[in-house]
Amino acid sequence: MASSWFEIREFPDGVVGIGEPGHAEGVKSYLVRGSELAMLVDTGMGVDDLKQTVEPLVSTPVLVVNSHSHWDHIGSNWQFDRIWIHEAEADRLPAGRSWEPGRGPMGPDSLSRPLPDGVDPEHFGIRPSKAERTLTEGDEIDLGDRTFLVVHTPGHSPGGITLIEQATGIALVGDAVYAGALYAHMRGECDPVLYRATLTKLAELAPELSTLYPSHNAYPLDPGFLNETHQGMEEVWAGRRPDQSADGVERYQFDRFSILLAEGWRAAEH
Ligand SMILES: [Zn+2]
């Protein structure tokens, strides 16, 4: 039975978006059907039964590929046997993620839909999972009649990847870019220098791309968005002043997105 937690959107290019619009994160997982294998890019927040939602949509085995290991992208990993993730973050999966009771991400302020039956927002956590294989730059993921190239796009996290189908120009960009606040500020996790390099790399690839599927907020996006985020980061690097600075975080606002950086990042990076 289809869940009311997930929002399924089928696109003509064979990509299926699986959104979770009831939570403020606006996270998306994506299913790409190939003749031999279906690739499920990320498994969302683990709030509802993703496996049961995906199964009627496919007629092949399912391979999970995580764009990175942050909790809102790996929530239902535990339901799947085959999980591939970049080598820099594979060792994080077995730990899962837990929060102190009542301090987790399912507070009432984050929810615009009721949680599915049986989900206790006070004791929400992410179950452990395990990588079957690790990925690195240049690997190819063969789904039978479709192939995706692994492009390492770190900065938001050390092992972030973008998956590109060169035959169609489809790019699943994870958290590298999306229409919202780009997180480059989390200390010990984000790396502004690498993030800048990633945005440059993606902008260079933009002419060969047709469609971007980001892991949060509005989707799909046009490849021109990659030029905007690249230009934005370059403006920040060139000395643009933050539009806002609060709680140790600088916000640089642009038309379709903003960039968040930790106060003092400039001194730390140079
Ligand atoms: Zn993330």
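On a predicted model such as this, the values are computed, not experimentally measured, just so you know. (Residues numbered from 1 in each chain as written. Predicted model: local features only at pLDDT ≥ 70, side-chain atom pairs only at ≥ 80, totals over all residues. Heavy atoms only, no water.)

Quick word on the overall build of the protein chain
Move 1: Counting secondary structure elements, the protein chain contains four helices and 18 strands.
Move 2: Principal-axis analysis of the C-alpha atoms places the extent of the protein chain at approximately 50 × 45 × 30 Å.
Move 3: Contacts in the protein chain between residues far apart in sequence, at least 24 positions, make up 60% of those at least 6 positions apart.
Move 4: Taken as a whole, the protein chain presents about 11,900 Å² of accessible surface, with 48% of it coming from carbon and sulfur. (Helix = DSSP H or I, 4+ residues; strand = E, 2+ residues; numbered from the N terminus. Contact = heavy atoms within 4.5 Å. Areas by Shrake-Rupley, 256 points an atom, 1.4 Å probe, with all protein chains shown as cover.)

Things to note about the coordination of the zinc ion
Move 1: At the metal site, the zinc ion is ligated by H68 (NE2), H70 (ND1), H156 (NE2) and D175 (OD), and these contacts range over 2.1 to 2.3 Å.
Move 2: Between the four donor atoms coordinating the zinc ion, the angles at the centre fall across 84 to 172°, so the site counts as irregular.
Move 3: Along the chain, the residues that donate to the zinc ion are spaced as H-x1-H-x85-H-x18-D. Placement of the pair is H68 in the loop between strand 5 (62-65) and strand 6 (83-86) and D175 in the loop between strand 13 (170-174) and strand 14 (181-183), with a sequence separation of 107 residues.
Move 4: By relative accessible area, which is 6% here, D175 ends up buried. (Donors = N, O, S within 2.8 Å, 3.2 Å for Na, K, Ca; no water. Tetrahedral: all angles 85-135°; square planar, octahedral: opposite > 155°, others 65-115°. Buried < 20%, exposed > 50% of the residue type's maximum accessible area, 1.4 Å probe, protein only.)

Quick word on unusual backbone geometry
Move 1: Of note, the bond from Y219 into P220 is cis; its omega dihedral lies within 30 degrees of zero at -10°.
Move 2: Along the polypeptide, P220 turns up in the loop between strand 15 (211-214) and helix 3 (224-237).
Move 3: At D42, a residue that is not glycine, the phi angle is positive and equals roughly 75°.
Move 4: Of note, D42 is situated in the loop between strand 4 (38-41) and helix 1 (50-54).
Move 5: By relative accessible area, D42 is classed as buried at 0%.

A word on the sheet that holds strand 3 (residues 28-33)
Move 1: With mixed pairing, the seven strands of this open sheet are ordered in space as 1-2-3-4-5-6-9. The strands lining the two open edges of the sheet, one partner per strand, are strand 1 (7-10) and strand 9 (133-135). The sheet shows a mean angle of 25° between the axes of neighbouring strands, taken without regard to direction. (Pairing = 2+ DSSP bridges. Axes fitted to C-alpha atoms, helices over the stretch in contact; angles between N-to-C directions.)

Comments concerning helix 2 (residues 192-205)
Move 1: Taking 1.5 Å per residue, 14 residues should reach 20 Å; helix 2 reaches 20 Å between its end C-alpha atoms and fits that length.
Move 2: Of all the residues in helix 2, the buried ones are P192, Y195, T198, L199, L202 and A203. Around the axis of helix 2, the buried residues are gathered within 135° of arc, so they sit on the same side. (Expected span 1.5 Å × (residues − 1). Arc of directions from axis to C-beta.)

Points about the sheet that holds strand 13
Move 1: The mixed open sheet is built from five strands, whose spatial order is 10-11-12-13-15. The sheet is open, and its two edges are formed by strand 10 (140-142) and strand 15, each paired on a single side. Averaged over all pairs of adjacent strands, the angle between their axes in this sheet comes to 25°, without regard to strand direction.
Move 2: Where strand 10 meets strand 11 (residues 147-152), three bridges bridge the pair, whose relative direction is antiparallel. Each bridged residue has a counterpart across the sheet, and for I141 the counterpart in strand 11 is F148.

Some details on the pattern of salt bridges
Move 1: Within the structure shown, the criterion is met by 13 salt bridges.
Move 2: Residue E189 pairs with R92 through a salt bridge whose shortest N-O separation is 2.8 Å. Residue E189 is found in the loop between strand 14 and helix 2, and its partner R92 is found in the loop between strand 6 and strand 7 (97-98); the two are separated by 97 residues along the sequence.
Move 3: A network of salt bridges, in which partner residues are shared, links E89, R92 and E189. (Salt bridge = Lys/Arg side-chain N within 4 Å of Asp/Glu carboxyl O.)

With respect to a negative patch on the surface
Move 1: Together, E36, E140, D142 and D145 line one region of the surface with negative charge.
Move 2: Assignment of secondary structure puts D142 in strand 10. (Patch = residues over 30% accessible without salt bridge, like charges linked within 9 Å, V, L, I, M, F, W, Y side chains within 5 Å. Lys, Arg positive; Asp, Glu negative; His and termini not counted. Charge placed at Lys NZ, Arg CZ, Asp CG, Glu CD.)

Notes on the packing of aromatic side chains
Move 1: Summed over the entire model, instances satisfying the criterion amount to ten aromatic pairs.
Move 2: Aromatic pair Y30 and Y219: ring centres 5.7 Å apart, planes at 75°, arrangement edge-to-face. Pair noted here: Y30 is in strand 3 and Y219 is in the loop between strand 15 and helix 3, with a separation of 189 residues, a long-range link. Accessibility classification places Y30 together with Y219 in one group, the buried group.
Move 3: Aromatic side chains W71 and W99 sit 5.5 Å apart centroid to centroid with 85° between the ring planes, which places their arrangement in the edge-to-face category. (Phe/Tyr/Trp six-rings, centres within 6.5 Å; stacked < 30°, edge-to-face > 60°.)

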